[in-house]
Amino acid sequence: MVEVEKAALSIKDMLQKKPILSSGHRMCAGCAAPTVVKLMGMALRGPTIVCEATGCLEVATTIYPYTAWNINWIHVAFENAAAVASGVAEAINALREKGQWKHEITDVIAIGGDGGTFDIGFGSLSGALERGHKFVYMVYDNGAYQNTGIQRSGATLPGQETTTSWAGKVEPGKRERKKPLPEIVAAHRIPYVATVSPYYTRDFVTKFRKALEADGPAFIHAYSPCPRGWRSDTAKSIELAKLAVETGIHPLYEVIDGTEYIMSGPSKRLKELKPLDEYLKMQGQFKHLFKPQWEEFKKKIQQDLIDDWELLKKKCGIE
Ligand SMILES: Cc1ncc(C[n+]2csc(CCOP(=O)(O)OP(=O)(O)O)c2C)c(N)n1
Ligand code: SF4
Ligand SMILES: [Mg+2]
């Protein structure tokens, strides 16, 4: 298990860090993604290079000729954030060997949205993990291709209405299950995988620091509510990030070396999952599921969540 510096875990220290994203960044009001990025910033150690795939976070924070980023940042294409980050990590190694890189520690990070990670950048991510470069990949998961008008992705939840998974008399929104990406990534046997939520700030920062200190590639799956696409109250995004954990939609856990599953405190402390309806009723994108026609479909989603939760508990050695 990677050791985490105590200093990174004190709230005082977290708050004293200069935010890596400045205000006035032009993300929508209530968007959780800037909070996700600011929490990531609290875990950083030294000079940092972020390689970011296109998506809401990339587009809205770097509208030419401005940037909201206070650290080194590279825009890359939609499909190759992990490939660019591997190049950066190896370039640093090569320069260090020649004595031309003076920093002892440099944090190399790739960021992608769920579309850019679960789907289109997946090949590039898998390749970088297999090659074993030293970098952290973070996906901010808002459940759809939000920047281009809310299209369904591999991360979209069953029952979720998007512009390519319609809800109405014939269809209940997306019918398929969500791709289990953290487990697919963990199957590459990389040193560290963790899921995080912006509600649980210390858990988030601690895990990100562990990811940075891992001896090889690491992966962070951050949940990131999107009031625009989810048709939710802009003041409720962080509450939704908490409910996603409590309902089992986004349980918090770590996977070490692809084999050792560890349930994190906020999930471990749950006596049982909260009913899915509590999460669904706060979002317009699930409104149709409360019609009698989709009652059975909704029951099935709830049951799948309970089954997945029991399976995860088993993997974590919890009875
Ligand atoms: C190869 C390619 N296809 C399509 C696009 C158009 N595009 C830009 S952002 C985006 C959506 C990104 O979705 P996601 O990765 O989930 O990030 P989000 O916008 O939801 O934050 C798309 C489809 C593109 N830039 N490049
Ligand atoms: S569309 Fe969603 S993800 Fe994009 S900036 Fe707005 S709230 Fe954030
Ligand atoms: Mg998205």
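Notes on the structure in this doc start here. This structure is a prediction, so every number in the text was calculated from the model and none was measured. Every chain is numbered on its own, with residues counted from 1 as its sequence reads. Each chain gets a letter, beginning with A, and each ligand a number, beginning with 1, in the order they are written. Given that this is a predicted model, residues contribute local features only at a pLDDT of at least 70 and side-chain atom pairs are listed and counted only at 80 or more, while totals for whole chains, interfaces and linings are drawn from all residues.

## Things to note about the overall build of the protein chain
So the rule is basically this: Where helices and strands are cited, they refer to DSSP runs of H or I of at least four residues and of E of at least two residues respectively, numbered from the N terminus. Our radius of gyration looks at C-alpha atoms and nothing else; its globule reference is 2.2 Å times the residue count to the power 0.38. With C-beta atoms placed from the backbone, a residue is buried if 20 or more other C-beta atoms are within 10 Å of its own, exposed if 12 or fewer are, and partly exposed between those counts. Any two residues are considered in contact once their C-beta atoms, placed from the backbone, lie within 7 Å.
When helices and strands are tallied, the protein chain shows 13 helices and 8 strands. Computed over C-alpha atoms, the radius of gyration of the protein chain comes to 19 Å, within 12% of the 20 Å expected from 2.2 N^0.38 for 319 residues, which places it in the range of a compact globule. Here the protein chain holds 319 residues, and the buried ones make up 51% of them. A separation threshold of at least 6 residues defines the contact pool for the protein chain, and within that pool the share at least 24 residues apart is 71%.

## A short note on the site of ligand 1
Just so we agree on the cut-off: Using a C-beta atom placed from the backbone for every residue, we mark a residue as near a molecule or strand if that atom lies within 6 Å of it. Classification used: nonpolar for Ala, Val, Leu, Ile, Met, Phe, Trp, Tyr, Cys and Pro, charged for Asp, Glu, Lys and Arg, polar for all others including Gly.
In the vicinity of ligand 1 lie 18 residues, with Gly55, Cys56, Gly113, Gly115 and Asn147 positioned nearest. When contributions to the shell around ligand 1 are tallied by element, the ones reaching two or more residues are α3 (56-61), β3 (107-113) and α5 (114-119). In terms of residue class, the shell around ligand 1 is made up of 5 nonpolar, 11 polar and 2 charged.

## Structural notes on the site of ligand 2
Neighbouring ligand 2 are 13 residues; Cys28, Cys31, Cys56, Cys226 and Arg228 lie closest to it. Those elements that place two or more of their residues in the shell around ligand 2 are α3 and α9 (227-230). Per-element accounting of the shell around ligand 2 gives the leading share, 3 residues, to α9. In terms of residue class, the shell around ligand 2 is built from 8 nonpolar, 4 polar and 1 charged.

## Describing the sheet that holds strand β2 (residues 72-75)
The condition that has to hold: A pair of strands is labelled paired if DSSP reports no fewer than 2 bridges between them. Angles shown run from 0 to 180 degrees and are taken between the N-to-C directions of axes, each axis being a line fitted to C-alpha atoms and, for helices, limited to the stretch in contact.
Taken in spatial order, the 8 strands of this open sheet run β2-β1-β3-β4-β6-β5-β7-β8, and their pairing is mixed. The strands lining the two open edges of the sheet, one partner per strand, are β2 and β8 (260-263). On average, each strand axis in the sheet is inclined to that of its neighbour by 15 degrees, with strand direction left out of account. Relative to strand β6 (residues 218-223), strand β4 (residues 136-141) runs parallel, the two sharing 6 bridges. Its bridge partner being in β6, Met138 is matched across the sheet by Ile220.

## Here's the deal with the environment of Ala83
Mapping Ala83 onto the fold places it in helix α4 (residues 81-97). Residue class for Ala83 comes out buried when judged on the 21 C-beta atoms lying within 10 Å of it. Each C-alpha atom, one on Ala83 and one on Ile111, is 12 Å from the other, the two residues being 28 residues apart in sequence.

## Quick look at the pairing of strand β5 (residues 192-196)
Inclusion rule: Crossovers are described as right-handed under a simple rule: with the strands pointing away from the observer, the path leading from the first strand over the helix to the second runs clockwise.
Within β5, 5 of the 5 residues are buried, leaving the element largely enclosed by the surrounding structure. Running through helix α8 (residues 201-213), the crossover from β5 to the neighbouring parallel element β6 is right-handed. Here β5 runs beside strand β7 (residues 253-256); their pairing, made up of 3 bridges, is antiparallel. Each bridged residue has a counterpart across the sheet, and for Val193 the counterpart in β7 is Val255.

## As for unusual backbone geometry
Backbone torsion omega between Tyr64 and Pro65 reads 5 degrees, so that peptide bond is classified as cis. Along the chain, the position of Pro65 falls in the loop between α3 and β2. A positive phi is found at Arg26, a non-glycine position, where the angle reads about 80 degrees. Note that Arg26 resides in the loop between α1 (11-16) and α2 (33-43).

## Observations concerning α2
Across the 11 residues that make up α2, a large majority, 10, are buried. For α2, every residue scored as buried is listed here: Ala33, Pro34, Thr35, Val36, Val37, Leu39, Met40, Gly41, Met42 and Ala43.

## Digging into the pairing of strand β1 (residues 48-52)
Two faces, one strand: in a regular strand the side chains alternate between the faces of the sheet. Burial analysis of β1 places 5 of its 5 residues in the buried class, which makes it a mostly covered element. Burial along β1 is two-sided: the face carrying Thr48, Val50 and Glu52 and the face carrying Ile49 and Cys51 are both buried. Across 5 bridges, the pairing between β1 and β3 is parallel. Looking across to β3, one finds that Ile49 is bridged to Val108. You can see the chain leave β1, run along α3 and come back into β2, and the turn it takes is right-handed.

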